[in-house]
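Given next are the chains, with one letter for each unit.
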Amino acid sequence: MKIRSSTDFHPPLHAERFYHVYNRTNNKESLFLDDHDRRALLKRLDRFLFPFVDIFAYCLLDTHFHMLIRVKSVSELATTLESIPEKDRKKHQKLF
């Protein structure tokens, strides 16, 4: 039996459920140096996360962040994925 490391563990996210997502740095290092860094993260969220989840609240602190998200419904996810050309879909998107 292969023992999985904590970096290999990806718990499933279920449609229409809420999740508290958070992350922090090691040794209290700065995650965001200024508001420019915070805006950069928000732009990435807009591009990569917003098509699949709704964000109800977030807090971007110097060393960590918190988000309250809700995964969109299966029909919303399917519509989003159908809008991506087949050749551009990632492996996990094709599996969906």
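Residues numbered from 1 in each chain as written. Predicted model: local features only at pLDDT ≥ 70, side-chain atom pairs only at ≥ 80, totals over all residues. Heavy atoms only, no water.

## Brief notes about the side chain of threonine 25
Looking at where threonine 25 falls in the secondary structure, it is placed in the loop between strand 1 (18-24) and helix 1 (35-48). Here glutamate 29 takes part through its backbone oxygen, which lies 2.5 Å from a polar atom of the side chain of threonine 25. (Helix = DSSP H or I, 4+ residues; strand = E, 2+ residues; numbered from the N terminus. Polar contact = N/O pair within 3.5 Å; in protein donor to acceptor, adjacent residues only side chain to side chain.)

## Quick word on unusual backbone geometry
In this structure, asparagine 27 takes a positive phi of about 55° despite not being glycine. The exposure class assigned to asparagine 27 is exposed, which follows from its relative accessible area of 70%. Even without being glycine, lysine 28 reaches a positive phi, approximately 55°. Within the element layout of this structure, lysine 28 appears in the loop between strand 1 and helix 1. With a relative accessible area of 66%, lysine 28 lands in the exposed category. (Buried < 20%, exposed > 50% of the residue type's maximum accessible area, 1.4 Å probe, protein only.)

## Quick look at the environment of alanine 57
Mapped onto the elements of the fold, alanine 57 is located in strand 2 (residues 53-60). Since its relative accessible area comes to 37%, alanine 57 is described here as partly exposed. Between the alpha carbons of alanine 57 and methionine 67 there is a distance of 5.6 Å; along the sequence they are ten residues apart. The residues touching alanine 57, leaving out its near neighbours within four places in the chain, are His66, Met67 and Leu68. (Contact = heavy atoms within 4.5 Å.)

## Considering a nonpolar patch on the surface
A cluster of nonpolar side chains, namely Phe18, Phe56 and Leu68, defines an oily patch on the protein surface of about 310 Å² accessible area. Positionally, phenylalanine 18 belongs in strand 1. (Patch = residues over 30% accessible without salt bridge, like charges linked within 9 Å, V, L, I, M, F, W, Y side chains within 5 Å. Areas by Shrake-Rupley, 256 points an atom, 1.4 Å probe, with all protein chains shown as cover. Salt bridge = Lys/Arg side-chain N within 4 Å of Asp/Glu carboxyl O.)

## Some details on the pairing of strand 2
Bridging between strand 2 and strand 3 (residues 64-71) involves seven bridges; their strand directions are antiparallel. Looking across to strand 3, one finds that valine 53 is bridged to valine 71. Taking the residues that link successive antiparallel strands as the turn, the strand 2-strand 3 hairpin has three residues. (Pairing = 2+ DSSP bridges.)

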